[in-house]
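Coordinate analysis (summary)
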Amino acid sequence: MLSSTSTVSVLGKRNTSNAITNKQLTVATEDVLLLVQKLQSSLELEVIFTHLLDHIRSLVPGCRLLYSLPESNINLPIGGPVLKHQCFYQLKAEQEQLGEIRISNSSKLTDYELSMVELCLSHLLYPLRNALLYREAIRNARQDALTGVGNRFAFSRNFEREQRLAQRYHQDLSLLVIDIDYFKRINDKYGHLAGDEVLKSVAECLKSVMRQTDMIFRYGGEEFTAILTKTDREGALVIAERIRKEVEKLTVTISGNDIKATVSVGIGSLKEAKDSQALFNQADDNLYLAKRGGRNQVR
Ligand SMILES: Nc1nc2c(ncn2[C@@H]2O[C@H](COP(=O)(O)OP(=O)(O)OP(=O)(O)O)[C@@H](O)[C@H]2O)c(=O)[nH]1
């Protein structure tokens, strides 16, 4: 019953003797047209899979769905954790891998139910592909291409939001502005590509210290920012010192050259600032003091 291009391939064998009849297929197709409309109404994966599961549940009540695409770090359970009986499908549109979907149920699905599930899935592919492209575009718009951390646009949005939340709920919030010291010298001495490698290594180092990769951003050039939610100045000082020490330990080896780098860090904390602009200025002023004080230090 699947098209000859076999865009949805079933893994595992099953008996097809009780598969869908032509009459059932006609009724099902009308239903599926409604489903198609719903699937095309959103570009959000969660919304699309919720519509799909709602539809499949009208045939198999209580079943659950798990969608995964490991290369994009997507693991999306819908309707609850996976149940005992499972069937899974590799999703593919025109040779493009779109991940795997797992339908699970407390009892084994009949051949008729499986046929209906497959009918639904064959209509999922293009809405799913569009949603994945959309997700990728959004990610690219928010991510710094060189280092993989958030870009300045993402920083502004997150920073505003976190600052508003912190003020509304009377919580601490701190900001680190982290700048690589004498970075121009690294570029001048070892070349721009080597400079890029240093930027990447420093970003990796920040990620490993912070463990909250979505709150680290490349603000521009050789300057990074880190938003520390529920963290007061003292807590921020501990993290900033850890960052400083870890970067100091770094050695980036390029073309036989061992390149060392250090960072200066300025801290801002919401208690001492009235809004996000004041908080940023405070961190930036402290960064300036750290630079003036000799670099490789936290202020
Ligand atoms: N390799 C590389 N260099 C960059 C990038 N963006 C900015 N830069 C360089 O970063 C350097 C920043 O230099 P400055 O602003 O003088 O700062 P600095 O040399 O780090 O000195 P201090 O901040 O005062 O310690 C400039 O040479 C820029 O060209 C990038 O994406 N890759």
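In this text the structure is predicted, and so the values were computed from the model without any measurement.

1. A closer look at helix 7 (residues 233-249)
- End to end, helix 7 covers 24 Å across 17 residues, agreeing with the expected 24 Å (1.5 Å per residue, within 8%).
- Along helix 7, the residues classified as buried are A236, I239, A240, I243, R244 and V247. All buried residues of helix 7 fall inside an arc of 140° around its axis, so they share one side. In helix 7, the exposed positions angled more than 90 degrees off the buried face are occupied by E234 and K249.
- Lining the buried residues of helix 7 we find strand 6 (173-180), helix 6 (192-210), strand 8 (223-229) and strand 11 (263-269).

2. Topic: the domain arrangement of the protein chain
- The domains assigned to the protein chain are domain 1 (8-142) and domain 2 (152-292).
- On a C-alpha basis, the centroid separation for the pair domain 1 and domain 2 is 42 Å.

3. A few points about the nonpolar core
- Membership of the largest hydrophobic core comes to 33 residues, with the highest contact counts inside it found for F49, L52, Y67, I101 and L124.
- Counting residues per element, the ones that place at least two in this core are helix 1 (22-39), helix 2 (45-59), strand 2 (64-69), strand 3 (74-78), strand 4 (85-93), strand 5 (96-105) and helix 3 (111-142).
- For this core, the element with the most residues is helix 3, which contributes 9 residues.
- In this structure L124 touches L39, I48, F49, L52, L91 and I101, once residues within four positions along its chain are discounted.
- Counting residues in hydrophobic clusters, the runner-up holds 32 residues, among them C205, V209, A226 and A236.

4. Some words on the site of the ligand
- In the region of the ligand, 16 residues are neighbours, and Y182, F183, D196, R218 and R295 sit closest.
- Contacts to the ligand include D179, whose side-chain N or O atom sits 3.0 Å from an oxygen atom.
- Between the ligand and E222 there is a distance of 3.1 Å, counted from an oxygen atom to a side-chain nitrogen or oxygen.
- Look at the ligand: alone it shows 670 Å² of surface, and the protein chains cover 67% of it.
- Elements supplying a minimum of two residues to the shell around the ligand: strand 6, helix 5 (183-190) and helix 6.

5. Remarks on the confidence of the model for the protein chain
- In the predicted model, the protein chain carries a mean pLDDT of 89, and the fraction of residues at 70 or more is 90%.
- Between residues 1-17, whose pLDDT stays under 50, and residues either more than four places distant or in other chains, the model counts 32 contacts.

6. Focus on the pattern of salt bridges
- This model, assessed by the stated rule, comprises 15 salt bridges.
- Here R244 ties to E248 by a salt bridge, and the two come within 3.7 Å at their closest N and O atoms. Taken together, the residues span about one helical turn, with R244 and E248 both in helix 7 at a distance of 4 residues.
- By relative accessible area, which is 11% here, R244 ends up buried.
- Judged by relative accessible area, which is 35%, E248 ranks as partly exposed.

7. Some remarks on the sheet that holds strand 11
- With antiparallel pairing, the 4 strands of this open sheet are ordered in space as 7-8-6-11. Of all the strands in the sheet, the pair left with one neighbour each is strand 7 (216-220) and strand 11. Strand-to-strand twist of the sheet, defined as the mean angle between neighbouring strand axes without regard to direction, takes the value 25°.
- Of the strand pairs in this sheet, strand 6 and strand 11 are connected by 7 bridges, and their pairing is antiparallel. When the sheet's bridge partners are listed, L175 is paired in strand 11 with G268.

8. Topic: the environment of D284
- Mapped onto the secondary structure, D284 falls in helix 8 (residues 276-292).
- Along the primary structure D284 and L176 are separated by 108 residues, whereas in three dimensions their C-alpha atoms are 8.6 Å apart.
- Each residue touching D284, except ones within four places of it in the same chain, is listed here: V177 and E223.

About the cut-offs
- Residues numbered from 1 in each chain as written.
- Predicted model: local features only at pLDDT ≥ 70, side-chain atom pairs only at ≥ 80, totals over all residues.
- Heavy atoms only, no water.
- Helix = DSSP H or I, 4+ residues; strand = E, 2+ residues; numbered from the N terminus.
- Expected span 1.5 Å × (residues − 1).
- Buried < 20%, exposed > 50% of the residue type's maximum accessible area, 1.4 Å probe, protein only.
- Arc of directions from axis to C-beta.
- Contact = heavy atoms within 4.5 Å.
- Domains from an automatic or database assignment.
- Core = buried A, V, L, I, M, F, W, Y, C linked by side-chain atoms within 4.5 Å.
- Near = heavy atom within 4 Å.
- Polar contact = N/O pair within 3.5 Å; in protein donor to acceptor, adjacent residues only side chain to side chain.
- Areas by Shrake-Rupley, 256 points an atom, 1.4 Å probe, with all protein chains shown as cover.
- pLDDT = per-residue confidence, 0-100.
- Salt bridge = Lys/Arg side-chain N within 4 Å of Asp/Glu carboxyl O.
- Pairing = 2+ DSSP bridges.
- Axes fitted to C-alpha atoms, helices over the stretch in contact; angles between N-to-C directions.

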